[in-house]
Amino acid sequence: MSMQSVNPATGEVIETFEATSVREVERILATAHAAFLEWRTTPFDVRARHLRNAAQVLKKRKADYARLMTLEMGKPIVQAEAEVDKCAWACEYFADHAESFLVEQPRETDASRSYVRFDPLGPVLAVMPWNFPFWQVFRFAAPALMAGNAGVLKHASNVPGCALAIESVFREAGFPRGLFATALVGSDAVAGLIADPRIVAVTLTGSDRAGSQVAEQAGRALKKTVLELGGSDPFVVLADADVAAAARTAADARLVNSGQSCIAAKRFIVVEPVADQFIPRFVEELRSRRVGDPLARDTQVGPQARVDLRDDLHRQVEDSVRRGARRLLGGEIPRGPGAFYPPTLLADVDKGMPAFDEETFGPVAAVIRARDEADAVRLANDSPFGLGASLWTRNRATAERVAAQIEAGAVHVNGIVKSDPRLPFGGIKRSGYGRELSEYGIREFVNIKSVWIA
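Read on for an overview of the structure. (Residues numbered from 1 in each chain as written. Predicted model: local features only at pLDDT ≥ 70, side-chain atom pairs only at ≥ 80, totals over all residues. Heavy atoms only, no water.)

Its place among the elements puts asparagine 381 in helix 13 (residues 373-381). Judged by relative accessible area, asparagine 381 falls into the buried class, the value being 15%. For asparagine 381 and isoleucine 406, which are 25 residues apart along the polypeptide, the C-alpha to C-alpha distance reads 6.3 Å. In contact with asparagine 381, other than residues within four places in its own chain, are Gln405, Ile406, Glu407 and Lys429. A distance of 2.8 Å separates a polar side-chain atom of asparagine 381 from the backbone nitrogen of glutamate 407. (Helix = DSSP H or I, 4+ residues; strand = E, 2+ residues; numbered from the N terminus. Buried < 20%, exposed > 50% of the residue type's maximum accessible area, 1.4 Å probe, protein only. Contact = heavy atoms within 4.5 Å. Polar contact = N/O pair within 3.5 Å; in protein donor to acceptor, adjacent residues only side chain to side chain.)

Shown next as structure tokens:
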């Protein structure tokens, strides 16, 4: 078995990789477990030194890693460089704060002394997606390794070069041999990895369907999971919003990573009093974004990661139009090579259309009119997903009242939804469970142990 890197901008094969053999997977698991047994007793300052080294490796090789991402999955090069920077930031953040997040917490009980401590669990399997091929891995690995765990990466099959490059970052940073390792295996190998007794927990970022499968397999093995799954994030524009700023940010929020982001805004819910102002501005903002070669620094929208994904997205557009949506912009597959799809805007979108009901993983925006604030909240929550939401209003009291009503793991007011090492990240409903990042994320893969001394 082999895996190929295919440039989605051209369709050309970049490189072919041999898949990891069964024997090599066994070696990876044995080495990770042995490395963990030593690493779990390593002092925090030593762990932090290694993680800061990883940040320096990322910074030093930023141009190489960014180009690799762009070639393997089509991310515009400027965004790829920003992704590497964000990974370095996460490494530095957890190097600085992990010890305080995991410090023993005293508790007053009937004992002479009682406290809560946070102990590492062991090797954690990370099943990661292609859309942010470095960031998704580092936002797991930085806190997990600082907590004293080991990591085994099963990355998406279309980014094998990125998967191996990430392993090399930790190796060059001086981490113990095998503490973080990549296994180039297909999805059919995941169940066996989960069942292996040396794997103690699983984290997955991906579709809700993949999350359900991994949760079922991990449940059978009684192992902890953290799942960050799909999203159909609402972008709610209320009557007192700054419409120009909202429309400008709406285009950025929909087109980040060429639309291939779980937390990209997808359903644009606009109250009637400002809908006729917002929609034409939104059209022009989307139209102004440059589509092209992802290696060109002025490109804002690159190709979709694979042709089959582009074709699935187009099917969702066509099905929505057949059910009554109006195409205001885009919606046609361009001629020529590559997996390109233009920024697309659908109006008159309603429940029962793929653009409302499903996650559209590409540069397709759906505008939905709401009667008023209460109707906007109802529409925002009328989704099986609950990852992030963007809310636009000039009134702080309104913002806090409405944010409390929106069913999502995060609500960003007058700004784009984004992950941040300082804030917990994750979803509810079919967007998954558990949290990454911050002190909440680092405590997902530890034994929260009570100690009571008479």
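Evaluated as defined, the whole model comprises zero disulfides. Between cysteine 87, a cysteine without a disulfide, and cysteine 91, which holds the nearest cysteine sulfur, the sulfur-to-sulfur distance is 7.1 Å. Judged by its relative accessible area of 0%, cysteine 87 falls in the buried class. Cysteine 262 forms no disulfide, and the closest cysteine sulfur to it belongs to cysteine 87, at a distance of 16 Å. Take cysteine 262: its relative accessible area is 8%, and that puts it in the buried class. (Disulfide = S-S within 2.5 Å.)

Here the focus is the sheet that holds strand 4 (residues 113-120). The three strands are arranged 3-4-20 in an open sheet whose pairing can be described as antiparallel. Lying at the two open borders of the sheet, with one neighbouring strand each, are strand 3 (105-106) and strand 20 (446-453). (Pairing = 2+ DSSP bridges.)

On to the sheet that holds strand 13 (residues 344-347), then. Here seven strands make up an open sheet; going across it, the order is 12-13-14-11-10-16-17 and the pairing mixed. The sheet is open, and its two borders are formed by strand 12 (326-329) and strand 17 (410-413), each paired with just one other strand. Sheet twist, expressed as the average angle between the axes of neighbouring strands with direction ignored, equals 25 degrees. As judged from the three bridges shared by strand 10 (residues 233-237) and strand 16 (residues 388-392), these two strands associate in the parallel manner. Along strand 16, the bridge assignment pairs phenylalanine 235 with serine 390. (Axes fitted to C-alpha atoms, helices over the stretch in contact; angles between N-to-C directions.)

Before going further, it helps to spend a moment on unusual backbone geometry. Although it is not a glycine, leucine 222 sits at a positive phi angle of roughly 55 degrees. Locating leucine 222 in the fold gives a position in the loop between helix 8 (208-220) and strand 9 (224-228). Here aspartate 348, not a glycine, exhibits a phi torsion of approximately 55 degrees, which is positive. Following the sequence through the fold, aspartate 348 ends up in the loop between strand 13 and helix 12 (354-357). Taking the relative accessible area as the measure of exposure, aspartate 348 reaches 39% and is therefore partly exposed.

Along an α-helix, residues three or four positions apart point the same way, because every turn accommodates 3.6 residues. Taking 1.5 Å of rise per residue, 13 residues should cover 18 Å, and helix 9 (residues 243-255) covers 18 Å from first to last C-alpha, within 8% of that figure. Counting buried residues along helix 9, ten of its 13 residues qualify, which places the element largely inside the surrounding structure. Along helix 9, the positions that sit buried rather than exposed are Val243, Ala245, Ala246, Ala247, Thr249, Ala250, Ala251, Ala253, Arg254 and Leu255. Count one or two residues on from helix 9 and you reach asparagine 257, which has phi positive near 55 degrees. (Expected span 1.5 Å × (residues − 1).)

A few words on the packing of helix 5 (residues 135-146) against helix 6 (residues 160-172). Orientation of helix 5 relative to helix 6, taken along the N-to-C sense of each, is 30 degrees, at an axis distance of 12 Å. By the angle between their axes, helix 5 is roughly parallel relative to helix 6. The interaxial crossing formed by helix 5 with helix 6 has right-handed handedness. On helix 6, the residues touching Val137, Phe138, Ala141 and Leu145 of helix 5 are Ile166, Val169 and Phe170. When grouped by side-chain class, the residues that make up the contact of helix 5 with helix 6 number seven nonpolar, no polar and no charged. (Parallel < 35°, antiparallel > 145°, perpendicular 65-115°, else oblique. Left-handed = near helix turned anticlockwise from the far one by under 90°. Nonpolar A, V, L, I, M, F, W, Y, C, P; charged D, E, K, R; others polar.)

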